[in-house]
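# Survey of secondary and tertiary structure
The residues making up each chain are set out below.
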Amino acid sequence: MKKLINNDNFLKFISLLIAIAMWLFIIVVNDPVTEATVRDIPIQFVGEEILHNNGFAIVSESATSVTVKVKGSRKRMGNYNMDSVIARVDVSGITSTGNNSLPVEVVVPFENIGISTQEPYTVDIKTDVYEEKELPVEVERTGKLATDYIAGDLVVEPKNVKISGPKSVLEKIAKAKAVLELSDQDVDFDTTVPIKFYDVEGKEILSRDAISNVVDKSTEMVRITCPVLKIKEVYVEAQFNYPELLGTTEYAIEPEKIYIYSDQLDYTKIISVQTEPIAAEKLLESKKVKAKLLLPENVKVIDDVSEVEVSLK
């Protein structure tokens, strides 16, 4: 036994056991106070609806997150989820435009757990007059449809988007646009696309821009429906009053073919389109006349051709 006691390794082992026992005694029995740092807690800005009703809106904040040190018993803090610590700033009491310094309230929802320090304690908030405005949603088409197809009339829903926020920020937003990619399509469109916003210089305002963060939008998507129609090539036929006056006289029509389309299912049966009646004597006299086309109902012509030229050969 004496030999074992005099052994250095044995003494080191005993010392380690004593240290562990003392540490367990301190931790378990005494439960000492400790501190923990909780970083980047997002600040909740409450009371914005009241602020808007009072005619004001937030333009910018000097901070959007806070870091705190919480203090309490080691045992208790180990059992709590520190992600439930919240920070908030009440903006409902702001009554003027300009800069306002407001306190950051940190709430620790645990018993016997307190805050020792936090950074920052206050936030500087810049406010402006609160306004609303409506912008029509324009549709930009990119790419091409399949060969011999054309897009009919677009229907956009909703037609307008309402934006609200600080007056100085809204003045920078000039246009709302939705982009429709045609992509060699040969069937009707029924799609939902995001709305893009542009400044007065025509530059797109990206979602990560500061402008987007302080502006509320009634919608960020629009639904676009559009028929995709087959183009039909048809001949033009000239009609004449008293065609017998022409006898065997030959004439030419320019253009002799036009390209039509329609949302009517039976338009593909059309093989020709006639002109309004032309006075034969006027053609013989002037050698060349213009005549309007008589288009069937709901039929349209590519390039908006509405008349042709009839001339003697």
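Coordinates for the structure precede this section.
Another aspect to go through is unusual backbone geometry. At the junction of Glu157 and Pro158, the peptide bond is cis and its omega measures out at 0° in the coordinates. Its place among the elements puts Pro158 in the loop between β10 (155-157) and β11 (160-166). The omega torsion of the bond from Glu254 to Pro255 falls at -5°, within 30 degrees of zero and hence cis. For Pro255, the location among the structural elements is in the loop between β20 (251-254) and β21 (257-262). A positive phi is found at Asp40, a non-glycine position, where the angle reads about 50°. For Asp40, a relative accessible area of 57% translates into the label exposed. Positive phi, normally seen in glycine, also occurs at Asn298, with a value near 70°. Within the secondary structure, Asn298 sits in the loop between β24 (288-294) and β25 (299-301). The class of Asn298 is partly exposed, set by a relative accessible area of 44%.

Glancing now at the sheet that holds β24. Strand order in this open sheet of seven strands is β20-β26-β24-β22-β18-β21-β25, and the pairing throughout is mixed. Edge positions in the open sheet fall to β20 and β25, since each of these has one partner strand only. For this sheet, the mean angle separating the axes of adjacent strands, direction not counted, is 40°. Sheet analysis places β21 next to β25, joined by three bridges and oriented antiparallel. Within β25, the residue paired with Ser262 across the bridge is Val299.

So, about the layout of surface pockets. Considering only enclosed or pocket space, the largest pocket measures out at about 220 Å³ in volume. The wall of the largest pocket is formed by 14 residues, among which Ile195, Phe197, Ile205, Ser207 and Lys217 lie closest to the centre. For the lining of the largest pocket, the elements supplying multiple residues, two or more each, are β13 (189-199), β14 (204-205) and α6 (210-213). Looking at the lining of the largest pocket element by element, the count peaks at four residues for β13. When its residues are assigned to classes, the lining of the largest pocket shows eight nonpolar, two polar and four charged. In this model, the second largest pocket occupies a volume close to 190 Å³. Those elements giving two or more residues to the lining of the second largest pocket turn out to be α3 (48-53), β2 (56-61) and β11. A breakdown of the residues in the lining of the second largest pocket according to their chemical character gives six nonpolar, four polar and three charged.

Under the definition given, this model contains one aromatic pair. Between Phe240 and Tyr251, the ring centres sit 5.0 Å apart and the planes meet at 70°, which makes this aromatic pair edge-to-face. Taken together, the positions of Phe240 in strand β19 (residues 240-241) and Tyr251 in strand β20 put the pair eleven residues apart, joining distant regions of the chain. Phe240 gets classed as buried once you look at its relative accessible area, which sits at 14%. Tyr251 sits in the partly exposed class, given a relative accessible area of 30%. A cation over an aromatic ring shows up here: Lys177 above the ring of Tyr198, its NZ or CZ 4.6 Å from the ring centre.

A separate point is the pairing of β11. In terms of burial, β11 is largely enclosed, as five of its seven residues are buried. The pairing of strand β8 (residues 122-142) with β11 spans seven bridges and is classified as antiparallel. From the neighbouring strand, Glu134 faces β11, where its bridge partner is Lys162.

Criteria and cut-off values
- The numbers attached to residues start from 1 for each chain and follow its sequence in the written order.
- Restriction of local features to residues with pLDDT of at least 70 applies here, the model being predicted, together with a cutoff of 80 or more for giving and counting side-chain atom pairs; totals for whole chains, interfaces and linings are based on all residues.
- Side-chain metrics rest on all non-hydrogen atoms present in the structure, leaving aside hydrogens and water.
- Helix numbering and strand numbering both begin at the N terminus, where a helix is a DSSP run of H or I of at least 4 residues and a strand a DSSP run of E of at least 2.
- Burial classes: relative accessible area under 20% of the type maximum marks a residue as buried, over 50% as exposed, and values in between as partly exposed (1.4 Å probe, protein chains only).
- Strand pairing follows a simple DSSP-based rule, namely that at least 2 bridges must link the two strands.
- An axis is simply a line fitted to the C-alpha atoms; with a helix, the fit covers only the stretch in contact. Between two such axes, the angle follows the N-to-C directions and lies from 0 to 180 degrees.
- Of the two site types, the cavity is a set of points on a 1 Å grid over the protein atoms alone where a 1.4 Å probe fits but cannot get out, and the pocket is an open set with protein on both sides within 12 Å along at least five of seven lines, each lined by residues with an atom within 4 Å of a point.
- Grid points are joined across faces, edges and corners, and a volume is the space filled by probe spheres set on the points.
- Throughout this entry, Asp, Glu, Lys and Arg are counted as charged residues, while Ala, Val, Leu, Ile, Met, Phe, Trp, Tyr, Cys and Pro are counted as nonpolar. The remaining residues, Gly among them, count as polar.
- By convention, a stacked pair of Phe, Tyr or Trp rings (six-membered ring in the case of Trp) has centres within 6.5 Å and planes under 30 degrees apart, an edge-to-face pair has planes over 60 apart, and any other such pair is tilted.
- Charge over a ring is defined by NZ of Lys or CZ of Arg lying within 6 Å of the ring centre and within 35 degrees of the ring normal.

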